[in-house]
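Structure assessment
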Amino acid sequence: MTATPADLIVVNGDVNTLSAAGPDTAEALAVRDGIFVAVGSDADVLGWKGPSTTVVDAQGRCIIPGLIDAHTHLVRAGFTWNQELRWTSVTSIAEGLELISSQASQTPPGTWITVLGGWHPLQFAERRSPTIDELDAAAPDHPVVVQYLYEWALLNARARQQVEASGALGAGGFDPATVDVDESGRMAGNVRTMASLRWLYAQLPVPTHAEQVASTVAASRALAAMGITGVIDGGGANTGPGVYGPLREVWEAGNLPIRVRLTRHASAPGREEEEFPAYFAEDVSDDDDMLRRLGVGEVTLYSVHDGFNRLPDLSEPQVERLSELMHACAAAGSTVQIHLIRPETTDRVIEIWEDVNRKTPIVDLRWAIVHGHSVSVERAARLRDLGAGVIVEALLRLEGDEVLMHWDAQRLATAPPVAALKAAGTRLAAGSDAFRVASPNPFATLEWLCTGQTLAGTQIWDPSNTLDRRQALECMTTEAAWFSFEESSRGRIEEGYSADFAALTADYFTVPAHEIHSIGAEMTVVGGKVVWSTDRFAVTEENA
């Protein structure tokens, strides 16, 4: 026994270390004070056992470094997690409607029932979306909203009645062409486009502060159950400087089970120049390893926030505004993560960054493009020279079949060119972009990186643009840690690194590629603390 025993030892595992210094695989690991102190054979690691050491038998399970979702929207999900239904894992419309009916039976009439994205019709046996009539039949006495990505939302009859009764239609704040009305001018049940969806969110009940705190705990624990040990939060619609109270309260109470790194943007269009300086001036001395403020993102300027079918405003005044904001970020030493999908936006932003870098070097600030569907090989080299990286996600796993109608197959085959990015030495990480446009399941993202196939089985990426399983895993571990300046302390199972890891329900490296998305976590550990486990790995006095 060592002079100072370990707090936790895991033996009989298939440990995939991703270590840069030691072997790729091991049987066991030991943790003390939240740090890996030994990784090796069962016999060697058990030498760290003391009277109070907890020993867990991994039963041969695949163990990987804790997953880091490099781009998600946990803070926003935490506002309403306990009030929402989620269809992420639903396999039929019938099942989804049953969830709505069940929720209706458990709540008073008039209580809102919401499904705010994270699903796709192709995951259903029926291969279609629900109808308004089906929503009416499932919950006739409850207002129901079912949102599909950021494309549209269906409102049942009761929901339309409540919106109309509130006077919201007369108050405006939305594009009338995107809210369907019948011949009498009454809502017909469909709301389209991101701008009008934001208007719709404002019509939904706002949970109390206490409810938001509870929802934030529940949402972060749900991520831990997927093997996620940390996230980079990208802000998102309906966020801004005033929304972080519930998250901070959870953190201050010691109830935050995963590490959160925050990128933040302005609360509304036109507020960027006012609110960014406040971010730059913040005292971050109280940040710790569980909650840390990282920088600005993902909407750096609302007017240039593009999409597959959403055109940015690249007029001279807006480009000048963006340039001034980027110069301000560089002068403040702030990290920047910016949402970019279309080629015209990508080109202008890289040009701006190069101009900024000539005045105030950004090569050590780890600026990043989020999504990056139009990053070319030539652009990849320019990003590398700026010390910048790309954070990809699996949006095309859900949307690829539809995007094919607007972007040709050749263009999508390397959107983005992940293999070329790695070859060029450009930093590459991966995230989910959950919860409204995608599933938070990290293994769905990993499956996309390895296959480039949609839910329907369409081969969107050229096979040469996919990653092998280790490369994909690095994008959600070692590489993801680089974007928050933590590549020397997170993302590997290696002595001296933070003890973040997960034991999986299946072997990530050997399951059929199309089954990767079905993997979950049997046990998730953050800083040496078990934050999630199934009954199989419940830590009890019997195995202590």
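Here we summarise the structure given alongside this text. These numbers were taken from a predicted model, which means no experiment stands behind them.

Enumeration over the complete set of coordinates arrives at 16 aromatic pairs. Here the aromatic rings of W119 and W152 are separated by 6.2 Å at their centres, their planes lie at 70°, and the arrangement is edge-to-face. Of this pair, W119 sits in the loop between β9 (113-116) and α4 (132-138) while W152 sits in strand β11 (residues 152-155); the two residues are 33 residues apart in sequence, bridging distant segments of the chain. Pair check on accessibility: W119 and W152 agree, each one buried. Taken together, the ring pairs connect W87, W119, F124, Y148 and W152 into an aromatic cluster. In this structure, R264 packs its charged tip against the face of Y244, placed 5.7 Å from the ring centre.

So, about the nonpolar core. Ranked by internal contacts, the top residues of the largest apolar core, which has 94 residues, are M326, W353, W367 and Y508. Counting residues per element, this core draws most heavily on helix α11 (residues 316-331), at six residues. In this structure, M326 is in contact with T300, V336, I352, W353, V356 and W367, ignoring residues within four places of it in sequence. Counting residues in each nonpolar core, the second largest holds 45 residues, with W87, V90, I113 and A237 among its members.

For the rest of this paragraph, the subject is the environment of I63. Of note, I63 is situated in strand β7 (residues 62-65). Sequence-wise, I63 and G528 are 465 residues apart; in three dimensions their C-alpha atoms are separated by 14 Å. Filtering out sequence-adjacent residues up to four positions away, I63 remains in contact with V10, G13, D14, V15, N16, L29, A58, I493, F501, A502 and A503.

Bringing the pattern of salt bridges into the picture now. Across all of its chains, the model carries 30 salt bridges by this definition. Here R271 and E275 are joined by a salt bridge, their closest N and O atoms 3.2 Å apart. A relative accessible area of 6% places E275 in the buried class. With a shortest N-O distance of 2.9 Å, R427 and E479 are connected by a salt bridge.

If a strand is regular, its side chains alternate between the two faces of the sheet. With seven of eight residues buried, strand β16 (residues 291-298) lies mostly within the body of the structure. With five bridges connecting them, strand β15 (residues 259-264) and β16 associate as parallel partners. The residue bridging L262 from the neighbouring strand is R293, located in β16. The sheet contact formed by β16 and strand β17 (residues 335-340) spans four bridges and is parallel. Bridge assignment links G297 to a residue of β17, and that residue is Q337.

This part is about the sheet that holds β9. The sheet built from five strands is open, its strands ordered β9-β10-β11-β13-β12 with mixed pairing. Where the open sheet ends on each side, the last strands, each with one partner, are β9 and β12 (179-181). Sheet twist, expressed as the average angle between the axes of neighbouring strands with direction ignored, equals 15°. Here β9 pairs with strand β10 (residues 144-148) via four bridges, running parallel. Looking at the pairing, L116 lines up with Q147 of β10.

Glancing now at helix α13 (residues 377-385). Restricting attention to buried positions, one finds in α13 the residues R379, A380 and L383. Buried residues of α13 fall within an arc of 105° about the axis and therefore sit on the same side. Facing away from the buried side of α13 by over 90 degrees, the exposed positions are V377 and D385. Among the structural elements, α12 (343-359), β18 (368-371), β19 (389-392) and α16 (418-424) are those in contact with the buried residues of α13.

It is at 9 Å that the axes of helix α8 (residues 209-224) and helix α9 (residues 245-252) come closest, and there the two elements cross at 60°. Judged by the twist between their axes, the crossing of α8 over α9 is right-handed. On the side of α8, the interface is formed by H209, Q212, V213, T216 and V217, while α9 contributes G245, P246, L247, E249 and V250.

Tracing the chain through its elements places L365 in the loop between α12 and β18. Owing to a relative accessible area of 13%, L365 belongs among the buried residues under this scheme. In the structure, L365 is positioned 348 residues away from T17 in sequence and 28 Å away in space, judged by C-alpha atoms. With near-sequence residues (within four places) excluded, L365 lies in contact with A330, G333, S334, T335 and F485.

Right, let's get into unusual backbone geometry. The residue after A415, namely P416, is reached through a cis peptide bond having omega -5°. Residue A434 is joined to F435 through a cis peptide bond whose omega torsion reads 25°. With respect to the element layout, F435 can be found in the loop between β20 (427-430) and α17 (442-451). In this structure, T193 is a non-glycine residue whose phi angle is positive, near 75°.

Two elements, strand β22 (residues 521-526) and strand β23 (residues 529-533), share four bridges in a ladder whose sense is antiparallel. For M523, the partnering residue across the bridge sits in β23 and is S533. Connecting β22 to the antiparallel partner β23 that follows it, the hairpin turn spans two residues, and G527 within it adopts a positive phi of roughly 60°.

Reading the values: rules and limits
- Residues numbered from 1 in each chain as written.
- Predicted model: local features only at pLDDT ≥ 70, side-chain atom pairs only at ≥ 80, totals over all residues.
- Heavy atoms only, no water.
- Phe/Tyr/Trp six-rings, centres within 6.5 Å; stacked < 30°, edge-to-face > 60°.
- Helix = DSSP H or I, 4+ residues; strand = E, 2+ residues; numbered from the N terminus.
- Buried < 20%, exposed > 50% of the residue type's maximum accessible area, 1.4 Å probe, protein only.
- Lys NZ or Arg CZ within 6 Å of the ring centre and 35° of its normal.
- Core = buried A, V, L, I, M, F, W, Y, C linked by side-chain atoms within 4.5 Å.
- Contact = heavy atoms within 4.5 Å.
- Salt bridge = Lys/Arg side-chain N within 4 Å of Asp/Glu carboxyl O.
- Pairing = 2+ DSSP bridges.
- Axes fitted to C-alpha atoms, helices over the stretch in contact; angles between N-to-C directions.
- Arc of directions from axis to C-beta.
- Left-handed = near helix turned anticlockwise from the far one by under 90°.

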